[in-house]
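# Descriptive analysis of the structure
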Amino acid sequence: MSTAAPEPKANMGQPIPRYDAVAKVTGKAQYGADVALVNPVYAYLVTSSIAKGRIDSFDLVDAKKVRGIVDIVTHENAEKLKEAKLFSNGGYASSTIQPLKSADIAQDGEIVAVVLAETFEAARQAAYAVKVNYTAAVPTTTFGSPGTTTAPAKGQLAQFKEDPKIGDFAKAFESAEVKIAAEYETPAQHHNPMELFATSCAWNGDSLIIYEPTQYVHGLKNGVAEQLGIDADNVRVINSYVGGAFGSKGSMTPRTAIIASIARRLGRPVKLVATRDQGFTIATFRAETRHQVKLGATRDGKLTSLRHEGWEISSRPDPYAVGGTKTTTRMYECPNIDSLVSIVRADRNTPGFMRAPPEVPYMFALESAMDELAYELRMDPIELRRVNDTMKEPIKGNTFTSRSLMACFDEGANTFGWSRRKAEPKSMTDGDWLVGYGCATSCYPTQMAPAAARVRLQRDGHVRVQIAGHEIGNGAYTVIGQAAAERLGVPIENVSVFIGDSDLPPAPVAGGSNSTASTCSTVIMVCEQIRQKLFKATMPDENLIDKAKETVGVGQTPVTRAAKGDRQIDYERAFDALGVSVIEEYGEWKPDGAPMDAFRAMNKGQMRMVGSPEMKDKIAYAFGAEFVEVRINRWTHEIRVPRLLGAFAAGRIMNTRTARSQLMGGLIWGMSSALHEATELDERYARYVNDNLADYLLPVNADVPSVEVIMLSEQDDHINPAGVKGIGELGNVGTNAAVCNAIFHATGQRLRKLPVRLEQLDI
């Protein structure tokens, strides 16, 4: 696997090393649980062993005998917190299941007690000694379990607004020359970030500081304040680094306000680090889904009808759904489309965002169905997609701001060697190995949200950038620093970046691939304010100022001299003219289409995400084409993936090095979702079985010998000032379908249920 950073192409930023690379490899980077507290109390959670029922009593005698025990908090003595509204319904919480509120149990692994002690070891020992007596009820687990309830998602939650449809699907499908109908399944999956779920809370009078890995410091700040019934200005959330999240730390989990209330009650800081298995139930997960896809087409491959129906599991109290039909119904040209998404309620914890939440399960169904249609038509799968490529999405007729899908397929196919593929299944072999090639479309909507930033430029060329973005492994420090350096014409070494603190100007949640687009657009705008102030000091003529706006490039060095066409602007003279040694500007940016209350909501930690496909008169997506080679041993049925390749186009790439890492990780995760990952359920008790890293399967280096990433240059001037579409969730979309399509090509067996296991193969 090559590790060399690619040379930048047009409209691509330099592949500079990560801003925080040294801090991370030397251990200086400080994560939430690393923060040293003064005289802390250590917390350890006790979680329920039933998924439905009531707590009858606690036996705490042995637990209280442990040396160093401070307190044990249960629903009988816990502070009653205020209700929390679900994030996807306009609130802050990942779940409205509120632990320690009553004796009722609504899910497996619900927090039923918090043990406090002078040391972590004492808290853990005492927690193991807590005995809980329950009256258990029979829970409903998943699809097909007695007691589930099913209802359309539309109308249940604000985030899901439509079941896209157009034309007359039923009539068109009935008369289609070629048609297929198939059902697909994806499993429950858990994020398993390297950094465990941790919370440290310390009070200073009426003020609270929270150290916690979160993807949204302003959301957590306001959410905890709301639950505690205090002013949000009295809460500060700090997390300089997040050790992986993938959506699991995007909204307020139930533990935070509990730990904060306990710290207030004890008058001492409290530190909690949950265990790996507790992370399976005290946070969110990717829910299992079911799909039915029907496609009708002409003999030459033109789609005439498409229907996608999806079902998703959610908890009893919370109507959570990802609703990926808003993407699948807009991916290809088709005049007759129908769709429906339904929520199936069970006695489980509430699902939540997991990297590319709608697209990973829903595009698996669509791209598998497209491959099935291609074989039915005896048509090359790439050519089928070319025949149905479109610059206008079919539901509302909105034009794509840019769409380089087929360019990605062409570049990827050429590099992958797609022309060597023999069309017939089971026609390619290498000794005892059956060889298959598969491909699929990758896509992710361009999304942005309001943000604010403060930038300070000193006379000596040093820059300080402050914005409450989040470093979750995505390279936020690096690309924010690059945006400022390029716009102000200073070396990147001169830029200091401060993020991950709710005292800084607000930025949106680091999710939905909006972070770089939102934060960099905001920083660019504020840097432009500084530049114009300098220009005005040396070019008071308004016409010259306008000319400067048009002609100033980016990336000039040093700061004292910036080129403007045939005119030079002397920054030192500008500082002299202004009579200052420092210029500091604050600015707020919002994308086109953001609602009137966008800035107010931003400061309250509420999301006003703008993007596809809800844009008013256009649609914006990043696209890619993914290629997979599989090898299957004809005797043992062992499945190997020796090659993964993805070609992607996503507007401006701020840093090709960090972007390549993101896309490579996405490809590997996409392969993992096809062959490795599944959270296994004991359907009798609605409990997770493999809630650890020994049994929850993840790929290792030996599983991915070759991963190749191609980034195509793409200019898109219609989306945001940075020209960024976002890539964090692009790489793992479609990979699962490409793997299954390759398995069919190798074996002739179509597998529609993930993950694929060798025992499913019949060859």
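Up top is the structure these notes are about.
Here's a quick rundown of the structure. All values reported here derive from a predicted model rather than from experimental measurement.

## Points about the overall build of the chain
The secondary structure content of the chain amounts to 17 helices and 32 strands. In terms of overall size, the chain behaves like a compact globule, its C-alpha atoms giving a radius of gyration of 27 Å where 763 residues would be expected to give roughly 27 Å. Expressed as lengths along the three principal axes of its C-alpha atoms, the size of the chain is roughly 80 × 75 × 50 Å. Across the 763 residues that make up the chain, the buried fraction comes to 63%. Within the chain, residue pairs in contact and separated by at least 24 positions form 81% of the contacts whose partners lie at least 6 positions apart.

## Examining the sheet that holds strand β28 (residues 621-633)
With mixed pairing, 5 strands are arranged side by side in an open sheet as β17-β18-β28-β29-β32. Among the strands making up the open sheet, the edge pair consists of β17 (429-430) and β32 (706-711). As judged from the 9 bridges shared by β28 and strand β29 (residues 639-649), these two strands associate in the antiparallel manner. Note on β29: the bridge partner recorded for Arg-631 is Arg-640. Most of the contacts of helix α16 (residues 656-675) go to β32, to which it runs at about 130 degrees, and overall it touches β28, β29 and β32.

## Quick look at the packing of aromatic side chains
Using the criterion set out here, one finds 22 aromatic pairs in the structure. Seen from their ring centres, Phe-246 and Trp-669 are 4.9 Å apart, and the 80 degrees between their planes marks the pair as edge-to-face. Linking Phe-246 in the loop between β11 (235-238) and α6 (255-266) with Trp-669 in helix α16, this pair joins segments that are 423 residues apart in sequence. On the basis of relative accessibility, which here comes to 32%, the residue Phe-246 falls in the partly exposed class. What makes Trp-669 buried here is its relative accessible area of 11%. The residue whose ring lies beneath Arg-403 is Phe-400, and the NZ or CZ to ring-centre distance is 4.9 Å. Residue placement shows Arg-643 over the ring face of Phe-416; its charged tip is 3.9 Å from the ring centre.

## Some remarks on unusual backbone geometry
The omega torsion of the bond from Leu-754 to Pro-755 falls at -5 degrees, within 30 degrees of zero and hence cis. Mapped onto the elements of the fold, Pro-755 is located in the segment after α17 (735-747). Despite not being glycine, Asn-192 shows a phi value in the positive range, around 45 degrees. Relative to the helices and strands, Asn-192 resides in the loop between β8 (178-186) and β9 (198-204).

## Structural notes on the packing of helix α11 (residues 476-488) against helix α12 (residues 515-538)
Where α11 meets α12, the closest approach of the two axes is 9 Å, and the angle between their N-to-C directions is 25 degrees. The pairing of α11 with α12 is recorded here as roughly parallel in orientation. Here the hand of the crossing between α11 and α12 comes out right-handed. On α12, the residues that touch Val-479, Ile-480, Ala-483, Ala-484, Arg-487 and Leu-488 of α11 are Thr-516, Thr-519, Cys-520, Val-523, Ile-524, Cys-527, Glu-528, Ile-530 and Arg-531.

## Concerning the nonpolar core
Formed by 90 residues in total, the largest nonpolar core has its most connected members in Leu-295, Leu-373, Phe-627, Leu-675 and Ile-743. Tallying contributions element by element places helix α8 (residues 359-377) first for this core, with 10 residues. Sequence-distant contacts of Leu-373, defined by excluding residues within four places in its chain, comprise Val-178, Ile-180, Leu-295, Ala-297, Leu-303 and Leu-384. Counting residues in each nonpolar core, the second largest holds 45 residues, with Ala-23, Val-497, Met-539 and Ala-722 among its members.

## Some details on the pairing of strand β2 (residues 53-59)
Side-chain positions along a regular strand alternate between the two faces of the sheet. Note that β2 and strand β4 (residues 104-105) share 2 bridges and pair antiparallel. Bridge pairing links Gly-53 to Ile-105 in β4. With 6 bridges connecting them, β2 and strand β6 (residues 131-136) associate as antiparallel partners. In the strand pairing of β6, Phe-58 is matched with Val-132.

## Notes on the pattern of salt bridges
Using the criterion set out here, one finds 52 salt bridges in the structure. The closest approach of N and O atoms between Glu-83 and Lys-101, which form a salt bridge, is 2.3 Å. With Glu-83 in the loop between β3 (69-73) and β4 and Lys-101 in the loop between β3 and β4, this pair connects stretches of sequence that are 18 residues apart. For Lys-101, a relative accessible area of 41% translates into the label partly exposed.

## Focus on α6
Here α6 spans 17 Å end to end across 12 residues, near enough to the 16 Å set by a 1.5 Å rise per residue. Burial analysis of α6 places 9 of its 12 residues in the buried class, the great majority of the element. Within the sequence span of α6, burial applies to Arg-255, Thr-256, Ala-257, Ile-258, Ile-259, Ala-260, Ser-261, Ile-262 and Ala-263. Positive backbone phi, at 70 degrees, marks Gly-267, one or two positions downstream of α6.

## As for the side chain of Ser-94
With respect to the helices and strands, the residue Ser-94 is situated in the loop between β3 and β4. Under the relative-accessibility criterion, Ser-94 is labelled buried at 6%. Other than its neighbours up to four places away in sequence, Ser-94 contacts Leu-86, Ser-251, Met-252, Thr-253, Pro-254, Thr-284, Thr-350 and Pro-351.

## Observations regarding the side chain of His-191
Relative to the assigned elements, His-191 resides in the loop between β8 and β9. A polar side-chain atom of His-191 sits 3.4 Å from the main-chain carbonyl oxygen of Thr-284. A distance of 2.7 Å separates the side chain of His-191 from the backbone oxygen of Phe-353, its partner in a polar contact. With residues near it in sequence (within four places) discarded, His-191 still touches Ala-245, Phe-246, Gly-247, Ser-248, Thr-284, Phe-285, Phe-353 and Met-354.

## Here we look at the pairing of strand β10 (residues 207-211)
As paired strands, β9 and β10 are joined by 5 bridges and run antiparallel to one another. Within β10, the position partnered with Cys-201 by the bridge is Ile-210. The turn joining β9 and β10, which pair antiparallel and follow one another in sequence, is formed by 2 residues; a positive phi near 70 degrees is taken by Gly-205. Relative to β11, β10 runs parallel, the two sharing 4 bridges.

Cut-off values and rules
Residues numbered from 1 in each chain as written. Predicted model: local features only at pLDDT ≥ 70, side-chain atom pairs only at ≥ 80, totals over all residues. Heavy atoms only, no water. Helix = DSSP H or I, 4+ residues; strand = E, 2+ residues; numbered from the N terminus. Rg over C-alpha atoms; globule rule 2.2 N^0.38 Å. Buried < 20%, exposed > 50% of the residue type's maximum accessible area, 1.4 Å probe, protein only. Contact = heavy atoms within 4.5 Å. Pairing = 2+ DSSP bridges. Axes fitted to C-alpha atoms, helices over the stretch in contact; angles between N-to-C directions. Phe/Tyr/Trp six-rings, centres within 6.5 Å; stacked < 30°, edge-to-face > 60°. Lys NZ or Arg CZ within 6 Å of the ring centre and 35° of its normal. Parallel < 35°, antiparallel > 145°, perpendicular 65-115°, else oblique. Left-handed = near helix turned anticlockwise from the far one by under 90°. Core = buried A, V, L, I, M, F, W, Y, C linked by side-chain atoms within 4.5 Å. Salt bridge = Lys/Arg side-chain N within 4 Å of Asp/Glu carboxyl O. Expected span 1.5 Å × (residues − 1). Polar contact = N/O pair within 3.5 Å; in protein donor to acceptor, adjacent residues only side chain to side chain.

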